[in-house]
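# Summary of structural features
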Amino acid sequence: MLETFYKLGFHHLIESGAWDHQLFLATIALAYAPVQWRKWIALATAFAVGHTTAIAAATLGWVPLRLPWVEPTIAVSIVVMALLELVLLRQDPLRKSKASYLLLLGLILAFGFVHGLGFGSAFVPLIGMEEGAGRIISMFSAFTLGVEVAQLLILGVFWILAFLLFDLLQWSPLQLRKSLLFIIALTGAWICWGSLIA
């Protein structure tokens, strides 16, 4: 049973239908150069804390499930992050500003909570009302572990690609990052529009 919840969490982030979450992780990957991997880890941790807190809140019944604004807001989070990073790259190409780093950290934490509400809608309905507290904690732990492993895997792939393109091949790193962020922002806007008219 716990393996099932682990796989559910893993596939919820890794499957092709989860590209809104994957695009958000791409904005994290494009926030800093591969050599600044410690900041990657810090931003990814903020995202993990945010969505784990939201899943826990949904599991405990502190927040309702399937709120209508969650999916559009997830798409908006992609647009906001991509556009913000475009502005920050223009103002501080080497990304040495502590203020911009803290701003990103706070936003990713908040947006992570919103993404977690989306994750929670896939997890909470599967919990039986008769389950004991210990069992629910085990299911929650397995599900969130699956999500975190998938997140680390995706970010690992992004890091390898970024290292190859930006560091080894030196394909106009700054311009390429800006172009990718612009494409991500447009894609996020398209996803947002689709979720609003659905």
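Residues numbered from 1 in each chain as written. Predicted model: local features only at pLDDT ≥ 70, side-chain atom pairs only at ≥ 80, totals over all residues. Heavy atoms only, no water.

## Details of the side chain of S121
Heads up, the rule is: Helix and strand assignments follow DSSP, with helices taken as H or I runs no shorter than four residues and strands as E runs no shorter than two, numbered in order from the N terminus. A 3.5 Å cut-off defines polar contacts: any pair of N or O atoms within that distance qualifies, except that in protein one atom must be a possible hydrogen donor and the other a possible acceptor, and neighbouring residues in sequence count only when both atoms are side-chain atoms. Here, residues are in contact when the closest pair of their heavy atoms is within 4.5 Å.
Here S121 shows up in helix α5 (residues 98–123). A distance of 2.6 Å separates a polar side-chain atom of S121 from the backbone oxygen of G118. Setting aside anything within four residues of it in sequence, one finds S121 in contact with L65 and R66.

## Brief notes about the nonpolar core
Our working definition: Residues enter a nonpolar core if they are buried and are Ala, Val, Leu, Ile, Met, Phe, Trp, Tyr or Cys, with the set joined through side-chain atoms within 4.5 Å. Accessibility here uses a 1.4 Å probe with only protein chains present; expressed as a share of the type maximum, an area under 20% marks a residue as buried, one over 50% as exposed, and anything in between as partly exposed.
Within the largest apolar cluster, 50 residues are counted, with the highest numbers of intra-cluster contacts made by F24, I28, L43, L104, I108 and F123. Of all elements in the fold, only α1 (2–14), α2 (19–31), α3 (37–59), α4 (70–91), α5, α6 (133–168) and α7 (173–197) reach the threshold of two or more residues within this core. Broken down by element, the residue count for this core peaks at ten residues, all from α6. In this view, F123 contacts F5, I55, T59, M139, F140 and F143; residues no more than four positions away in its chain are not counted. A54, V70, I74 and V114 belong to the second-largest nonpolar core, a separate cluster that totals five residues.

## Considering the packing of α1 against α6
Rules: Working convention: axes come from line fits to C-alpha atoms, limited for helices to the stretch in contact. Angles between N-to-C directions cover 0 to 180 degrees. Note on convention: the crossing is left-handed when the near helix lies turned anticlockwise from the far helix by less than a right angle, right-handed when the turn is clockwise. Residues were grouped as follows: Ala, Val, Leu, Ile, Met, Phe, Trp, Tyr, Cys and Pro as nonpolar; Asp, Glu, Lys and Arg as charged; and all remaining residues, including Gly, as polar.
For the pair α1 and α6, interaxial distance at closest approach is 7 Å and the crossing angle is 35°. When you trace α1 past α6, the crossing you get is right-handed. Of the residues in the contact of α1 with α6, the class split is 16 nonpolar, four polar and one charged.

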